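Reading the structure
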Amino acid sequence: MLLKLVTKLSTYGQFGRPFMNYLESISLNNETIEYIEILKLFWDNKYDEVLETIERNISKLRKGSLYYLLLSIKLSALHRLKR
């Protein structure tokens, strides 16, 4: 349920950042917190850090919705870096 809320807030881009900070302050599972951190890095244009964090965290996940969300952010970061 919270992952749906986080993905809905991510459609607002950086304008959803205050709400993401609030959601991060309340107790969420570790995967959702990592996803929020990756989104913040992506919005700050720190694409190399995004790729490192995704590579570190994607191995922990099984095939699921969060796995594919991380893959889509990875592809966007690679596209921005022209790789």
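Since we're looking at a predicted model, the values are computed, not measured.

Definitions and cut-offs
- Here the residue index of a chain counts from 1 through its sequence in written order.
- In view of the model being predicted, local features appear only for residues whose pLDDT reaches at least 70, and side-chain atom pairs are presented and counted only at 80 or more, with totals across whole chains, interfaces and linings using the full set of residues.
- Computation of side-chain values covers all heavy atoms of the structure but excludes hydrogens and water.
- Pairs were defined over the aromatic rings of Phe, Tyr and Trp, the Trp ring being its six-membered one, requiring ring centres within 6.5 Å. Orientation was assigned from the angle between planes: stacked under 30 degrees, edge-to-face over 60, tilted for the rest.
- Summary of the burial criterion: residues with accessible area below 20% of their type's maximum are buried, those above 50% are exposed, and those between are partly exposed, where the area comes from a 1.4 Å probe applied to protein chains only.
- Here, a salt bridge means any Lys or Arg side-chain nitrogen found within 4 Å of an Asp or Glu carboxyl oxygen.
- Segments assigned H or I by DSSP are reported as helices when at least four residues long, segments assigned E as strands when at least two residues long, and all are numbered from the N terminus.

Given two aromatic rings, their pairing is described by the distance between the two centres and the angle made by the two planes. As enumerated under the stated definition, the model contains two aromatic pairs in all. Aromatic pair F42 and Y47: ring centres 5.4 Å apart, planes at 65°, arrangement edge-to-face. Since its relative accessible area comes to 15%, F42 is described here as buried. Its relative accessible area of 11% is what places Y47 among the buried residues. The interplanar angle of 85° and the centroid separation of 5.3 Å between the aromatic rings of Y67 and Y68 together place this pair among those described as edge-to-face. For Y68, a relative accessible area of 48% translates into the label partly exposed.

Attention shifts here to the pattern of salt bridges. Within this structure, the stated rule accounts for three salt bridges. A salt bridge links R17 to D44; its shortest N-O distance comes to 3.1 Å. Pair noted here: R17 is in helix α2 (residues 17-25) and D44 is in the loop between α3 (30-43) and α4 (47-58), with a separation of 27 residues, a long-range link. A salt bridge links K40 to E37; the shortest N-O distance between them is 4.0 Å. Placement of the pair is K40 and E37 together in helix α3, with a separation of three residues, close to one helical turn.

All quantities given are derived from atomic positions and should not be read as evidence of function.
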